[in-house]
Amino acid sequence: MANPMVDDAREIKEVNPFESMMSRFDRAAQLLNLDPDLYNVLRVPNREIKVYIPVRMDSGRLEVFEGYRVQHNFARGPAKGGIRYAPDVSLDEVRALAAWMTWKCAVVNVPFGGGKGGIICDPIQMSQGELERMTRRYTAELIDFIGPEKDVPAPDMNTNEQTMAWIMDTYSMHARHTVTGVVTGKPVQLGGSAGRREATGRGLLFCINEAMKRLKMTPPQTRVVVQGSGNVGGIGAELLHESGYKVVALSDIHGGIYNPDGLDIPEAMKHLRATRSLEDFPGAERVSNTDLLEIECEVLAPCATENQITSQNANRINCKVLAEGANGPTTAAADEILHDNGVFVIPDILANAGGVTVSYFEWVQDRMGYFWREAVVNERLQEVMVASFNDVAKYADTHGVDTRTAAYMLAIDRVAYDTRMRGIYA
Ligand code: GLU
């Protein structure tokens, strides 16, 4: 008889994002025959910062929030990665997300290391004033650790251009001059880059286009299911629709909408913006976020959050291509099942790397003080995404491994090379 205690422990381990990242890292390191000294260096973050953030709430009460910034690796340049605000943020999650940024930046070959930040809070319940005070105090606590040459934050879940403008301003007040390059994902008028907001969704589109060529499929025959309708899923769905794909399902945090003949995505997004929900969108069936993942389609794009595809539902995933717009949507245990079922995976560290690629362009433009037209940004993004997709696909073919393992191997090999060349300072 199954022991429920053991099953529970196994399940908890399966959905721990840090365990998820580490099991892929270990597999890739083993296949690379990674030097044990380098393995010991790369398996741990460089620095973890924990801060307590006192915030005067609108009620007059003082509340103290717990926040983190994990700087995983600096071998290839400043740490880089978003900051998320959510009630379920944990140090293990931020640690995993920071490591994923290191591998992601290496896959697309931008000169950054990896970092990630998070604050445990419920941003939906907080006023703009409370969010501003919390963001500014968090920035002040991290002031010695961030900067254009040190660590460059960006938006992630529940943070946006406004959050970045507050961080930039707080940092600049301390520096006593304007420092635009301390964050990316800023408003375009304040040193942001044209095309940054759409970059993750656009990068996802470029990856899917490449997968289509490889599998000899064309957009009009391709049914796409998108989980999530925020900065990645919403914009991704709009761009896929614009490129002639048949987007049959889309969801928000409350649930999804489904029409086997294809959804009118511009109308659905208009409805979402006006009513803050996809519910009641005419001409579509309602479907839960879990059932949505099992809809028969050619491309499934989970663009919401971690642990959506696990050993529990991987066998019921009914797609040819899995394009991971979110970070860590698939657990390591699910990888094997998808592989056995012949699903072509565009792994998160490649599929959603368009965001950090244009963040790199933004950082470059800030340092030059010279800004590019959106068409130039998009063209350069396409160049990077197409080259990176093909690097990963070729690596998988030549080494006889799946695409996720190939992406990790490629990334770890690059970071390991740079670490070895720099040497260990002792
Ligand atoms: N938060 C995004 C990610 O997970 C963007 C990070 C960045 O641009 O630095 O890739």
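Here, the structure is the one placed above.
Residues numbered from 1 in each chain as written. Predicted model: local features only at pLDDT ≥ 70, side-chain atom pairs only at ≥ 80, totals over all residues. Heavy atoms only, no water.

Q: Just give me the short version of the pairing of strand S5 (residues 151-155), but keep the residues and values in it.
A: Counting buried residues in S5 gives four out of five residues, a clear majority hidden from the surface. By the bridge criterion, five bridges tie strand S3 (residues 79-86) to S5 in an arrangement that is parallel. Pairing of Ile 83 across the sheet is with Pro 155, part of S5. (Buried < 20%, exposed > 50% of the residue type's maximum accessible area, 1.4 Å probe, protein only. Helix = DSSP H or I, 4+ residues; strand = E, 2+ residues; numbered from the N terminus. Pairing = 2+ DSSP bridges.)

Q: So what's going on with the pattern of salt bridges? Which residues, and what values?
A: Inspection of the entire model under this criterion finds 32 salt bridges. Where Arg 95 meets Asp 92, a salt bridge forms, and the shortest distance between an N and an O atom there is 2.6 Å. Of this pair, Arg 95 and Asp 92 both sit in helix H4 (residues 91-107), three residues apart, roughly one helical turn. The structure contains a network of salt bridges with shared partners spanning Arg 24, Glu 324, Asp 335, Asp 348 and Arg 404. (Salt bridge = Lys/Arg side-chain N within 4 Å of Asp/Glu carboxyl O.)

Q: Outline the packing of aromatic side chains, supporting the account with residue identities and numerical values.
A: Tallied over the full model, the rule gives eight aromatic pairs. Consider the rings of Phe 25 and Trp 103, whose centres lie 5.5 Å apart with planes at 20°: the pair is stacked. Placement of the pair is Phe 25 in helix H2 (residues 17-32) and Trp 103 in helix H4, with a sequence separation of 78 residues. For the pair shown, Phe 25 and Trp 103 are each scored as buried. (Phe/Tyr/Trp six-rings, centres within 6.5 Å; stacked < 30°, edge-to-face > 60°.)

Such coordinate-based values are descriptive only and should not be taken to indicate function.
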